[in-house]
Each structure stands twice: as C-alpha cells, then as structure tokens.
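Observations on chain architecture
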Amino acid sequence: FLNNPNIYSPGISRSIVEQQGAVNMMSTTSMIPKKIQPSLSQAKEQRDLTMPQHQTLTQPIIRAREQRDLTMPHNQILMQPYAQNLPHLCRQQSQSQQQQMKQPLKSESSSHENNALQESTDEDIPLRDWIDKESGGDCQPDNVQKQRGMMLRRTTIAYGMIELIRGARTSSHSSTCDELQLGCTLDNFLVRVSKSEQESKNDDNADHHIIGKIKGVQMINPPSMLLFHTSSVSAGEEFSKVDGGAMGQFIEVEVFPRPLANQAINPLEKLVKEKTLIHSVGSLIHKLYTEGNPIFLLYEFQKGSGASPIDNSTAEPPMKRIKEDPQHMAGASRHSLLPLSQRENGKNVSAGAADQKANHLPLLELGFSSSTSSLVDELLNCKCTLDVASKDLHLILLDPDSFLVDRYFKPALDGKVSLRIRKDKLYGRDSERSLITSTFCRVKTSGKSEALLIGGYSGSGKTRLVENVIKYIDGVESCHVVSHKSSQSSIPAITQALDQLCVSIKKSCSDDEFTRINSRLVEAFGPDFSILQKVLPNTKLFHDTKRAEPIAPKHQGSEIQSNSVSYILQLFMRAVSSQERPVLLFMDDLQWCDETSLEIVHDIVSDRKDSSCVYFLGCFRDNEIGSEHPIYQLMGNMNMNNIPVQLLGLGGVNRNELNCMTSDALCILPRHCKDLSDIIHTKTKGDPYFALEMLSALVDRGLLQFDFAKRRWVWNQANIMYLDVTSNVLHLLKSKMMSMPKQIQTALKVCSCFGSGVDTLLVRCLSDSAEYSTLRDELDRAVKEGFMEKVGKHYKFVHDRVKEAAYDLIEEKDRNGYHHQVGKALLASPNVDDSLVSVMIDQINYGVGESIQSEKDRVAIAELNYKAGVTAMTHSGFVKAFSYFETAKLLLPENHWANHYYFSIRLFLSMSNAAFACGYGNLADEALDAILREGKCLEDKLDAYYFMNNLLFHRGQTKAAFTKCTEVLGELGESIPTEVDPKELDNMLKKVMTFLTNTSDDDLFCYRECDNRHHFYIMQFYQQLVWLAFFGQSTSMKSYLSCRSVEIAIRVGFCKYTAVAMSSVAALLCGLSKDIPNGYRLGRVAISMLTRFNATSLIPVVYLGFYGMVAFNSEPMMHCADQLHMGFQIGMSVGEPTIALMNGLHYIQKSFVGGRNLVVLSNEIDYQLEISETHDDNRAKRFMGLFKETLCQIIDKNKARADTTTLSEGAGALDEAMKIEGFSEVVFFHRVIQSYWLGYHDRCHYFSQRSSARGDAAVGRLLKLIASFYHGLAALQILRKKKSKVEMKEIARASLKALSSACDLAPINFKNKAELLEAELHRTEVVLRGNEEERIHAKKMYAKAICSAETAKFDHEKALALELAAHFYEENGEIANALRNFSEAKLHYTMWGSEVRVAQMEVAIARTETRLTR
C-alpha cells in the first residue's frame, strides 16, 4: 500500500514552490506529482544501478567532479575565446569542446559515473541543430498540440540553461558575470536527448524532426552539465489533450559541477554587472523561443470564440501581418523567425545590447502566452532576477495549461469573461492531507479502527480536503469507501450511509470476495436477512428472500429498537470490513446528524469485539455548535474506550496558498497577482470559498477585467483596496442572487427549503401548481448562473453557503409560512407518491398550528404525520418517527377518541413503540394507558396489553407481567390454574404426544394455518406466558403452559408461535419424561416452523429451547454452540437482550464443554458481561461470572480474578444469587470442574456429592453428565491412592452407565468420555490386582478414547486422555510411551489455552526424561 503512488503521494502544491523555490524542492520526492513518479523512480533506479552501494547523490560524487575539473586546462574552463560575430565558427568549435568535455568524464576511476551521465542511446546535439530539427515539423496553426509540445520542450531547455548559469556562479568555476555573459549564445549549449532502441535502429528512416526525450542540457564554457531526472515531452508528443485537464512536469535536476555550499558572489559585481547578465539571459531565452518557425497560437486564440466581441481587427494571423508589414521585424529578430534553410549564411545575428533590446519583438505578438512573454520582457528589461526567472519557469512547466498556453476565455453575451475555477483542486493543506492519509495507513496496517473529525466554518474547505484524499483511496481495491452528507431527514444518517455501502460493495467486490462477505452475513444473521433488510434495505443485493407473509395482528410491537439497530450495524460492519479491506466511512455536516446516528457511529468504531476495521472521517462546523453538542460527547466516549480519535481544526488558507488559488483562477504567475491576492486575503481572512466569490464579484463589478490585447486579467489595485466588501460571504451571495430575476430567486428559495437540493420528481410535483409552474426552467437557469448544479436527477446547491444565502432570501418572520405554502403545493399535486410523504409533511409541519384551523384539515395532516412516522420506523428513524406521532397527536381534536377512534388506537400504539425504541419509557406508558383507558373492547386493547407485558419484562417486573398476561388470557376464555394437577398434566402430555407420534414430519410442517384472529391472539399470549414462566414459575407450570399451547395449536391451526410451544414441549420431554428421541424430533419440527412462517424474531426463544436444552443429546456440541451464538446475535438484533444473553450463556456452556480455546472464550465472556452490565441483567452477570472464574482458574490460577464471580461478593450476595433458579447446581458444577482440572480430586468428590443438579431439568442433564464424568475420573484417582475406599468404584461405574446411555444417542459428544472412563477403570484394576488382561484392555481403551476425542475435535479431552494414558504407561514401566504421550498432551493443552495443565505436563516430561536417561 505504501508503495502505491495513487494514495501515498500527496502531490506538490505551487504554493510550496513559491515559498521554497524549485531547486530546493528537487529532492523532495514525497511531494512530486503522482503522474511523473514512476518515470522519476525509473530514472533514479537506472542511475543508482551504476553507482556503488555506498554512494548516493548526496555522497562524495562531488569530489570526482572537482578532481575532473582540476585536470582540465584553466583556459578550457574559464578562458575559452568566443567569436561573437562568427556564429559558424562557434558551431565548429562546439564540436571539439564537446569532445574535450566528455574526455575527463571517461577518465574517472569508475565507469559508473560515465554511465550515470550518458547512456548508450543518449545523444548530445548542439542547441542550434536541435532547434533546426524541432522547427522542421508541421507546426502550423492547425496543429495546436504539436505547437504546445514545442513550447513545452523549449521552456524545459530554457529552465535548464538558467539553472546552469546560476550554478556556474556558485560552483567550483566561480564564473563572473562577464564570463557568463559571453556564454549567453545558442552555440554555447548542447541538448542531450534520449532515443528508444527502436528509434536508434531506424534513425535513417525516421523523420528528421522527431527527436528523443530531453535528458539534459550542457553548457560548453564554463563546462557544466544539467541532467533531468524526470521524463520530458518529446517532439510530436501531446502534453494536454483536454483543456486544463493535465498537469505538466515536476523537474528534478542535477547539476555538475555542484554548487558549493559557502560560495559567495562578489557584491560589487552583483550590483554593477548583474543587470547586463540578466539582459543577456533574456536575449538568449528570446532567441530560443523565436529561432526557427514561430509559434502562432495567437492566431488560434483570435479566430476562436475567445476573441473580443468588440475588436475584430486583430483576427488577422500574425504571419500574414509580418509578411505584409515587414517593418515590424528588424535585424536579428526578423532573421531568427525564418527557417534555417532560408537564412543567409554568415549573416551577423548579434548586435549591441541597445540594438538587441530595440529589435526584440514581444513574444506576445508571436502567439506566446502572456506569462511567458512577460517573463522574457522582464529579463530583457532587467526587472527580475535569475532566481525569480528560474522559479517562474518551473511553475510554467508544472502547470503549462495555465501559463504556457493562454486560456481561451469565452466571453458572455455582454462581453464579460468568466474566471477559471478548478472546483476539484485543493490549495495547500499539505499537512492536513498527510494526516488523513497516514491515519488511513495506520488503520490498514494495524487493523484497528480509528476516527478523525475535522472542524471548521462553512467554506473553509473541509469537504474538499477529505474528498481530495478519498478520490485516490477510492481507486484502490483494498478498501471500501462510502461518503454521506448528513441532513435533517427522517432516516438516520448512519443507516443511509451504510445502505450506500451495500451498493458500493456489490459493484467493487470480486465474486469470491462477495461470496465470503455473504457467508459472514449468513453466519451473523442466519440464512434469512429480514432483520438486516429492515435497517439496510440494500442488503437485498446480498440475499433475496421471497416468502409468503404469515397472518399477524395489524399492530404489533416493533421488533427493532435503537440499541438493536446499533448491534445490527455492528454485525454488518464485522462482516464487510477487515484489515485487508477496511471501510472508510466519511460523514459530512455532522452538526446536523441525529444523536442516534452518532451513538451508532461510536458503537461501530468502538466495537467491543474488536473484529471490524473502520476509518471514520467526520466534518462539522465547529463555530455553529457548543461544547455540549453530541459530537464532542462522541469523541469523549471514543477516548474512554481507547479508540484513537483526532480533532483537526481547519481555518482559512494562508497568503501563499490564496495567491496560488488566485493565480489559478486568472492564469497569471503567482508573483504577478500577489498584490491582488493579498487584498483578497485581507478582506476574506483566507476563506477559500469567500475568496473565489469575491473574485467573481470583482468581475461582475468590472473591477477585474480581461484585457484581450494583453490576453490577461487586469485590475486597479487602489480601487479594489478601498472597495467596501462585506466580511460575510452570505451577504455577497445574497446580493448577487437579489440581482437575478424574481423567478430565479423563487426557485432558489424553494430549493433551500428542502436542504442541499431537490430531485426531479419533487420538481415535477411542485410544477403542477400555478405558482411554481416554471420551476424546472428557473432551476436550469440557476445552474447556468453557477448557483446550482445538476447531478443525475438531482438539482444541488454548489455549496452550503449558497444554500444558506438562498434561504436567507426568505424573511425570518415569513419562513414558517413559506415552508407551509410549499408543502401545501406538494399536497395538491396528483403526482406525489409515498416516497415524498415525509418530505411533504416536513414542510407542512412548519407553522401547522397557525395555518390549519378546520378539524377536517387537521385530521388529514395528522394522518399524513402518522404515515410519515410509520415510514420512519420502518427505516429505524425512531426519534423522527416519535416527533411525527407527537405532531399528529397535537393536531387531533379533544374528542378524537369518540370521532376518530380507530385512528387514535393506531396512533397511540405506534407512539408507544417509538417512545420505547427511543428510551422514553414514561411516554410509552402514557400512550398505552390511554389505549387501555379509552379502548371500547378487549380486541382493541390486546396489542397494548401484549406490548405492556413486554415493557414490564424488560424492566424486571416479571411477576407483574405474568399476572397481567394470565388475566388477559382469562378474558380470552382461557383458564390458567394457580397450581397444576400432575394427572391433568400427564393426560394432556399423552394426548399431545399421541397426535405428534401419529403425524409425520411432513404433515406437521404442512399442517393447516390458524385463520382466526381471536385464536391467534390466544397463542400469542400463551407464547408470552411460557417465556415469562421460565423466570420464577414451577417446572410443572411451565410444562402445563407448553402443552396447552401445543394442544390449542392442534385444534385451531399452526402459527409462528407454535414453534415456541413445540420447542418448550421438546425440552419438557428431554427433561421430565426422558423421552429424548421424541423431544429431539419435536424440536426439529419447531425449527422448521421458523422457516415456514419466516419468524426471525422468534429464533432466539426457539434456539434457546432446542439447541440449549435438547440438541446436544443428538447433534455435535460445537454445532449447538454455533447455533446458540446465532440466537444471541439475533436476539440482540431484535431488541431482546434478556433472551439474547441466555443464548449467549448456553453458547459459552456448550463451547466450554466442546473444548473451545479458553482465551477466546474468556474474551467472549468479557464481551457479554459488558452487554449484561449495559442492560442491567444481573442473572446473566452472575452465571457469566461463574464461567469467567472457572476459565481464569484453568488458564492460570495464579492470575485468576476473584472479582469475576458473585462467589467473592460476600455471603449476602451469594445467598441472594442462590435464589436464582438453577444457580446452585451451576455453582457446584463449576466447583467440580475447577477442582478436577487443578488436581484436587478429593475436593472434586466433595462438591460432586453436594451437587444439587437435578435430572428433571433439561439444562441440568448436560451439567450432570459432565460433572458425573469428572467425578468418576476423580473417584478412580482417589481409589488408586486410597485403596480402602472401594465405594469410589461404584461412583465411576454409575458415571460410565450414564455416559454410555448418552453415547447411544450422541456418540460424537460422549463416546470419548465413556471410553476414557472405562480405560481408567481397567487401569484401576491393574493397580489394585495387577491383572495382565486388564492392562491390555486399558491400552485399547486409551487408544480409542484418544481417537474419539480427536474425531469430536475435543482438544482438552484428547489432551486429558493422552495425559492419563501417559500416567498408565509410566506406572507400567513404558517410559518412552509415557514421554511421547506427555509431550503430545502438552501440545493439545497449549491449543486449549490452559497454562496450568501445560506447566503440569512440563514437570511430567522432565520427570520421565530423567527416568528414561537413567
């Protein structure tokens, strides 16, 4: 990634060149533009390959240059005579001087320098010959690209010549102004060009004017060389195909001999003779540009649309004027314009300085750009230094589209010319860009999420800064990028952003990667994405599910709450992001983002699981919010969670950066417009957007004009200085808007009411009204005026400042009425569909109480608010939905329960759902109480009762909820006994089992559906009652309610709640009745019911009953654990944290029994403990704490944290915990496990005897089997040590019997345990009686136990079998076998994560190695 130039190189800004100079930037590789970095790197590699490893450009190669210079005769270096009046003689001498210059290079001690300076395909051409070849091509006015290429190449050589002259003064030559002035002729320079191998072979057949790329420039006297380490445009090559769409070259040069660090120039010479040298250099550059065929770009400029509409006299091509009016040309200038073949040989081409100055035709008249012409004129008139000229030429090469070729500014009908504004270009901000990029690099390298928030006032360039960096990152396939602009929408901003991410992933991912993401989503949400699709509709791109909708009541409680949306999006981000492809989430205008979205952003970036990789970028207006704003709370929360978060403050740009911006807009060299940019900076304080708007305002007011004769912008500094310009850009924009026709102002005001823009559907609906009938046309005119832009089907303001200025056109006192009027216009349109309801009602709600008086209209608007609220709830916009519902409530008349009864029922029920999802518990209660108080019949109140029971359960009032649910069922005709008659329960169970036994699985799956709403409600409340009975009710009551639910379903038909009833009966059969086969069969039917009725929200309850209490008897333990983990995730997703945490608890239990890595499991417990703390679930916390303590003991008992369990919280806390049903048996289970794995076998036996695990509970069955297994192993260990305790053998045999019975149903889970226990029994017989036959059986059973544990992938129990087998071998003298088994046991204990057992194995290995050595 770091080597990818599309991202990591931030490029170079002209402001830096202005500040530091081109020469100083030559070694700043990180700032070199991306387009030329590959060629630059290649040139450097070719150079470095020929150099020893200890040498670099900054190392002692300069000494070789100095040694070379010392070997040359002094007169060859400084005193070479020049015949100024004999150019042909100079050209003859140049050949010999060239050879003299090359000779010392060949005499170097190492040939690598020679190779570095000249390659085999390089050729040194005298500058005049090079010009002759260049001028021989077709550079007529119709060949613009070739003309531009010629200008670019000559400018490159001009830059090289000035650098050589500057360098000669401070190098070892110490050349004087007089000496350098003598060398300011074309004959004193050579051009080094590079040809490709193919060009070299076909040189005779190639066109003579097509020469290679420029590699360098040589000066003959004093002998110097300059090498370009960047590619240069060769003849015939285009440098810009699109106007303004390409950048030029960043020239990195190397001069030989190098300038000396402390070489000073004689001040007197600089003062007296500098001007003469500058003039000579200007004359030299002028000749370079004008020698050979002239450049006639002016002709194209004049004949094009860029000409002044007033002055047409200049439309005549300059060549025609020159031919018809030769007095324009005189002396050398006229001679130099003719082709070389047409000149008179031997003609004097030079004169005195005064004559040269008089005879130099301005380059502007020859078609050169105003920037180039002004630079040469300044040199000729000695108005700039060579240092300044060098910087200017470097800028021209860097951006030739701005400075080397005059822009074709197209005038409008009124003769005014528009500025060139590069909207996508960023000026300055190099450190800020580097910060954003380096943070992204760190996220990708570490795989850890980070956040960067950028604050600044509107117009400071926050969005442009981020987008400038993102456009490079977005092109890299190693990340997903999504950008979203927050607005005051009914849909949360974060869900809109991540919904866009789904589309981006679909487009950018390969098929394999898309399949992997889809698999991870299935793992998180199951094969049905219905819950995820409620939050992110575009996830249908990953999985399309088409199922029939089951019958259900009209109004049910929301399955998704605010906290569950957060969890859903966490799961989604874990699935789609990774270290290999992180997600870059950019959200703009966070100051308008809803608080819920900011909380979700925090949860995503601060994901406790630390399994997602997200780089969050956010921009906000820090001057419009206070310190109490949720944005600052977001940063504080991230810091508390150890998430790296940075705050970047963005102010105005500095003077140099604004100077570059002004230079870009005017296409004038920065130093030529510095006076103007300084004034603008003073008036705008560096606000980039304000500065551009001020430039446009100056053009509109005629203070900044385009001079067609000079082909550049001109201004009066004093007039602009004293111009009264407001300090607020909004006033400037508003004034500009107010000068527009009223129709455009109306269009802008209407659009500003909707935020950042409108779509075409909205425009069409508004156009149906007479008042806004011309809205589309006016918006098109607004686009032409630069206020708006059309992107696809949307009209958008070009900037937030423009939108604010447009909104400011509406008087503050009239704004509510204006919004309402726009909303009423939408309401009257026949084209408004459901997608515009929320947009429309947002407008109508402004001043709704003042504008609507009639009851009919108020009720109609209330119904629209209700509809918008339902839509917002669908998209998880709970806060916005609640505001819609509350507005609807306020609009209803006082007698609404009488006159609008059914609408009131729907409204108040929806309001209670929204309030609960937002965490407004009291408001939810008030809405439900109103329904229960005003409801006319039971059926109208049932949904409110059901939701109220859920609220009571979530608040921990389980008994109150159970009582209320029983009362409701009583009103529905069901009688719930306070005490259950065992005979009645037994008869009911027999009837149910008779039906189920006589009905096949297929018939059960296709059993008729319930088609009666009354019966549906009965089963719904029974399902609720069964779940509530799990907390605090007797086993017989739970069994009765489960059987009764199935009995009713058999009678009235199945529905989705039948799945819950069947899973409960399945657990009952496996627990009380010990009928495991039928229990397992019924449980599988319950699972199939979830699919049939698409009951995703019931998955947590059904999975808890089946995979937590039934399936382990038949299916692999780890499969049950994985399904329970899915139940945990879905439970959190649907807003049922209690059920979710119970699934999570059973997941941890099954994972521990299945031998999952202890460290991974410990981290999962920490994660679930945090969730239980968040939701104040003490039950889950206490059970999780027991597992945490056990894992810490087994991992490393010395580091075990006693505070992770309630057992260390004091006797009172323990007594309180023991009151929780099932807690005591779990406590003793953990004591048994801890004691055995720590080697305390007597203690293990003690806690096993005290265990209160009951076999009548399905959950107790697994605990009893596992505890029995370890109890049996511990009892046999005790028996081998204390041979008198023979009763221990009976304990082991009872354990073996129970495990063998379980093995018959689920051999994958229990076979290895039974085999290991049997092997230990044989080992004990060997110890007690020394029976050889028992020894043989023991060996066989150990081998079987090891093999079975490996098949089941139980690392811990395979390690245990290896360890016990090793002890057996050690007891029987087979030390080598013992050592091998101990070593392998250590490996598997390491994989399990138990440092305690690993340490024990290390002791055993050392012991056996010692015995083996002896």
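Notes on the structure follow. For every chain, the first residue of the written sequence is number 1, and numbering continues from 1 along that sequence. Note on the predicted model: pLDDT of at least 70 is required for a residue's local features to be given, and 80 or more for side-chain atom pairs to be given and counted; whole-chain, interface and lining totals, by contrast, use all residues. The side-chain quantities take in all heavy atoms of the structure and omit both hydrogens and water.

A separate point is the overall build of the protein chain. Only runs of H or I of at least four residues qualify as helices and only runs of E of at least two qualify as strands under DSSP, and these elements are numbered from the N terminus. Along the protein chain, the regular secondary structure elements total 67 helices and 15 strands. Relative accessible area decides the class of each residue, using a 1.4 Å probe on protein chains only: under 20% of the type maximum gives buried, over 50% gives exposed, and in between gives partly exposed. Put simply, the protein chain has 1414 residues, and 56% of those count as buried. Across the protein chain, the fraction of contacts at a sequence separation of at least 24, relative to all contacts at a separation of at least 6, is 74%. Computed with the Shrake-Rupley method and a 1.4 Å probe, the accessible areas treat only the protein chains shown as cover for residues. Carbon and sulfur atoms form 49% of the exposed surface of the protein chain, whose accessible area is close to 58600 Å². Two residues form a contact once any of their heavy atoms are found within 4.5 Å.

The next point concerns the pattern of salt bridges. Salt bridge, as used here: a side-chain nitrogen of Lys or Arg that lies within 4 Å of a carboxyl oxygen of Asp or Glu. Tallying each qualifying case throughout the model produces 59 salt bridges. Among the salt bridges present, the one from D808 reaches R815, with a minimum N-O distance of 3.2 Å. A salt bridge links D1242 to K1282, with the nearest nitrogen and oxygen atoms 3.6 Å apart. Here D1242, found in helix α60 (residues 1241–1250), pairs with K1282, found in the loop between α61 (1258–1281) and α62 (1287–1305); they are 40 residues apart in sequence, far enough to count as distant. Judged by relative accessible area, D1242 falls into the partly exposed class, the value being 41%. You can call K1282 partly exposed: its relative accessible area is 36%. Overlapping salt bridges, with partners in common, bring together K485, D588, D589, R621, E624, D800 and E804 in one network.

Next up on the list: the packing of helix α64 (residues 1332–1352) against helix α65 (residues 1355–1371). One can describe the packing of α64 onto α65 by two numbers: an axis separation of 8 Å at closest approach and a directional angle of 160 degrees. As far as their axial angle goes, α65 and α64 are roughly antiparallel. Along this stretch, α64 crosses α65, giving a crossing that reads as left-handed. Together, R1335, A1338, K1339, Y1342, A1345, I1346, A1349 and E1350 of α64 and E1357, K1358, A1361, L1362, L1364, A1365, F1368 and Y1369 of α65 make up the contact between the two elements. Partitioning the contact of α64 with α65 into residue classes produces eleven nonpolar, no polar and five charged. For helices, the fitted line uses only the C-alpha atoms of the stretch in contact; every axis is such a line through C-alpha atoms, and the angle between N-to-C directions lies from 0 to 180 degrees. Roughly parallel means an angle under 35 degrees; roughly antiparallel means over 145; roughly perpendicular covers 65 to 115; every other angle is labelled oblique. In this scheme the handedness of a crossing depends on how the near helix is turned from the far one: anticlockwise by less than a right angle means left-handed, clockwise means right-handed. Gly is put with the polar residues, along with every residue not named as nonpolar or charged; the nonpolar set is Ala, Val, Leu, Ile, Met, Phe, Trp, Tyr, Cys and Pro, and the charged set is Asp, Glu, Lys and Arg.

What follows is about the side chain of H484. Along the polypeptide, H484 turns up in strand β7 (residues 480–485). A distance of 3.2 Å separates a polar atom in the side chain of H484 from a polar atom in the side chain of Q500. Not counting chain neighbours up to four residues away, the residues in contact with H484 comprise A493, Q496, A497, Q500, F586, M587 and D588. As used in this structure description, the phrase polar contact means that two N or O atoms lie within 3.5 Å; if the pair is within protein, one of them must be able to donate a hydrogen and the other to accept it, and residues adjacent in sequence are counted only when both atoms belong to side chains.

Another aspect to go through is the side chain of H1356. Inspection of the secondary structure puts H1356 in helix α65. Those residues in contact with H1356 that sit more than four places away from it in its chain are F1152, V1153, G1154, G1155, W1237, Y1270, Y1389 and W1392.

Burial within helix α53 (residues 1099–1109) is extensive, with eleven of its eleven residues counted as buried. Those residues of α53 that fall on the buried side of the exposure criterion are I1099, P1100, V1101, V1102, Y1103, L1104, G1105, F1106, Y1107, G1108 and M1109.

The subject of this paragraph is the nonpolar core. Side-chain atoms within 4.5 Å link the members of a nonpolar core, which is a set of buried Ala, Val, Leu, Ile, Met, Phe, Trp, Tyr and Cys residues. Ranked by internal contacts, the top residues of the largest apolar core, which has 329 residues, are L498, F572, L704, F1021, L1041, Y1270 and L1360. If sequence neighbours within four positions are ignored, F572 has contacts with L498, L501, C502, L521, F525, L532, L536, T539 and F542. Core analysis: the next-biggest nonpolar cluster, separate from the first, contains 56 residues, I162, C184, V255 and L375 among them.

Next up on the list: helix α57 (residues 1178–1196). Expected helix span is computed as 1.5 Å times (number of residues minus one). Between its first and last C-alpha atoms α57 spans 26 Å; for 19 residues at 1.5 Å apiece the expected length is 27 Å, and the two agree. Of all 19 residues in α57, 16 are buried, a share of seventy percent or more. Looking at where α57 begins, the residue whose side-chain oxygen comes 3.3 Å from the main-chain nitrogen of R1179 is D1177.

Pairing is parallel in the open sheet, where five strands are placed in the order β7-β8-β9-β6-β10. What marks the edges here is a single partner per strand, and that holds for β7 and β10 (645–650). Strand-to-strand twist of the sheet, defined as the mean angle between neighbouring strand axes without regard to direction, takes the value 15 degrees. Strands were regarded as paired on the criterion that DSSP finds at least two bridges between them. Inspection of the sheet shows strand β6 (residues 450–456) paired to strand β9 (residues 614–620) by six bridges, in the parallel sense. Note that in β9 the partner of E450 across the bridge is Y615. Each of β6, β9 and β10 touches helix α27 (residues 630–640); the most contacted strand, β10, lies at about 145 degrees to it.

Before going further, it helps to examine the packing of α57 against helix α59 (residues 1223–1237). Interaxial distance between α57 and α59 falls to 10 Å at its minimum, and their mutual angle equals 5 degrees. With respect to α59, the element α57 is oriented roughly parallel. Only F1223, V1226, V1227, H1230, R1231, I1233, Q1234 and W1237 of α59 make contact with α57, whose side of the interface consists of R1182, F1183, L1186, F1187, E1189, T1190, Q1193 and I1194. Grouping the amino acids of the contact of α57 with α59 by side-chain chemistry returns nine nonpolar, four polar and three charged.

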